[in-house]
Amino acid sequence: MRLIRKSIKNIWQIIVIVWLVFAYQLMLNMVPDEVKLIDGDLSKLDISMPVTFECRDSGKRFIDTSVMENQQLQSSMDKAGAERNEIDMASDTVVLRAKLFGIIPIKEVQADIVVEQEVYASGENIGIYVQTDGIFVIGTGNFEGMDGVLYAPAQNVLKSGDYICAVDGKKLENKEALMDAVDKCEGKSLVLRIRRNGETLELYIQPKLSKEETYKLGVWVRDDLAGIGTLTYISQDGSYGALGHAVTDMDTGSMLEVGTGKLYNSRLVGIVKGESGKPGELSGVINYEEKYCMGDIEENCERGIYGTLHEKNNLLENAVAYPVGYKQDIEPGEAEIISDIDGTIAHYKIRITEVNYRKNKENKSILFEVEDAALLESTGGIVQGMSGSPVIQNGRLIGAVTHVFVDDAKKGYGIFIEDMLEIEKTSNP
């Protein structure tokens, strides 16, 4: 009997320990690793938890500017030959200690001191056209040769996600140039210069004569991609951010490495409503005439596409300037998205249900549900083509729509706008 009681006690102890570890990990996830504070105002750091923040170096519950000045001075002294008035990036950053109930330490948080910022929220529907930086390999396969035998020259040589950049030292401009070089090889081996996971390689490959009497490699390739999306914001200098996620290859799901790209005016022609297990989409027509080109695409990354708008467009006529809201400003509750689903930019009601601070969820940080009756009637919720739609809460631009729940079109994800703006800041110093 005593042994049974002891076993039960041990089990309860294990349960309590597991619960405490789980609760502690949950709290870690509910406190962001990094925050941005307007003018260092800690009173604006509210994460809906009984957590207080204090400066690690001063122990005060406000940003001590003298600490920042000392850090800046030390940083400058550490740089040999640096000018005294040089501003180091670290001088605008302090470390905060997060404490539960002001007593129990949870984690340290990096706080970047920023000034109030405004950008124009758009919601404009855009046509996206990109050309890959090299010829993108979708996959390999076999074909029937002149002798009736199946051949697969590219198998175990090329891989899905490779970029073919040159043949026998000659740079390739498009997939037609690749096909032409292969067909003219006269059966000789070719040297392909490829890029794989950022590394440049040279590979030998032996084309084979197909039953169509042309030489082939047995590879499926792509050199461009077009689609519909939504413009998120426009900065004062004419730079922009859109989509909130990368332009990816439709077959492999890989993020495309973009060589050149353009934004074009697009015209919506239909809506496929979202259903459980089947995401809907906006269908449109892209006008590729030069006069309808809205701007250049200069970068494609996990947080969206970025570039510069042409001065001739009138996009700012339909955009409204909003102050930027940071992750700690976001709260569960009412919000709205700005989107164009019928040729008119409109605001639609949503409800934010969860805010996720984990870095591995960076473009799925905001979870929300569509509540607007008109939007639900038209689209069923969030559909493809709405990615990039600005998210507004409490008069601030806080994020952009990125994904839809496959099994429930009323629910979607969003990215923090500060994450999108951070990429622009890095790209345009």
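Fair warning: this is a prediction, and the values are worked out from it, not measured in the lab.

### Section: the sheet that holds strand β24 (residues 366-370)
Spatially, six strands are ordered β22-β23-β24-β27-β26-β25 in a closed barrel, and the strand pairing comes out antiparallel. The sheet shows a mean angle of 45 degrees between the axes of neighbouring strands, taken without regard to direction. Sheet analysis places strand β26 (residues 396-405) next to strand β27 (residues 408-416), joined by six bridges and oriented antiparallel. Bridging across to β27, Phe 405 finds its partner in Asp 408.

### Remarks on the side chain of Glu 124
Here Glu 124 lies in the loop between β5 (118-121) and β6 (125-140). For the buried Glu 124, which has no salt bridge, the nearest side chain bearing the opposite charge is Arg 267, at an N-O separation of 12 Å. Once residues lying within four places of it in the same chain are set aside, the contact partners of Glu 124 are Gly 229, Thr 230, Leu 231, Met 294, Leu 315, Asn 318 and Ile 345.

### Examining the pairing of strand β25 (residues 390-393)
Of the two faces of β25, the one lined by Pro 390 and Ile 392 and the one lined by Val 391 and Gln 393 are each fully buried. Note that strand β22 (residues 333-340) and β25 share two bridges and pair antiparallel. Paired with Glu 336 across the bridge in β25 is Ile 392. Of the pairings in the sheet, the one linking β25 to β26 comprises four bridges and is antiparallel in character. Among the inter-strand pairings, Gln 393 is bridged to a residue of β26, identified as Arg 396. Between the antiparallel neighbours β25 and β26 lie two residues, among them Asn 394 with a positive phi of about 50 degrees.

### Quick notes on the environment of Arg 195
Following the sequence through the fold, Arg 195 ends up in strand β11 (residues 190-196). For Arg 195, a relative accessible area of 14% puts it in the buried group. Taking the C-alpha atoms as reference points, Arg 195 and Gly 161, 34 residues apart in sequence, are found 9.0 Å from one another. Leaving out residues up to four positions away in the same chain, Arg 195 has contacts with Asp 133, Gly 161, Asp 162, Tyr 163, Cys 165 and Glu 257. A polar atom in the side chain of Arg 195 sits 2.8 Å from the side chain of Glu 257.

Calculation criteria
- Residues numbered from 1 in each chain as written.
- Predicted model: local features only at pLDDT ≥ 70, side-chain atom pairs only at ≥ 80, totals over all residues.
- Heavy atoms only, no water.
- Pairing = 2+ DSSP bridges.
- Helix = DSSP H or I, 4+ residues; strand = E, 2+ residues; numbered from the N terminus.
- Axes fitted to C-alpha atoms, helices over the stretch in contact; angles between N-to-C directions.
- Buried < 20%, exposed > 50% of the residue type's maximum accessible area, 1.4 Å probe, protein only.
- Lys, Arg positive; Asp, Glu negative; His and termini not counted.
- Salt bridge = Lys/Arg side-chain N within 4 Å of Asp/Glu carboxyl O.
- Contact = heavy atoms within 4.5 Å.
- Polar contact = N/O pair within 3.5 Å; in protein donor to acceptor, adjacent residues only side chain to side chain.

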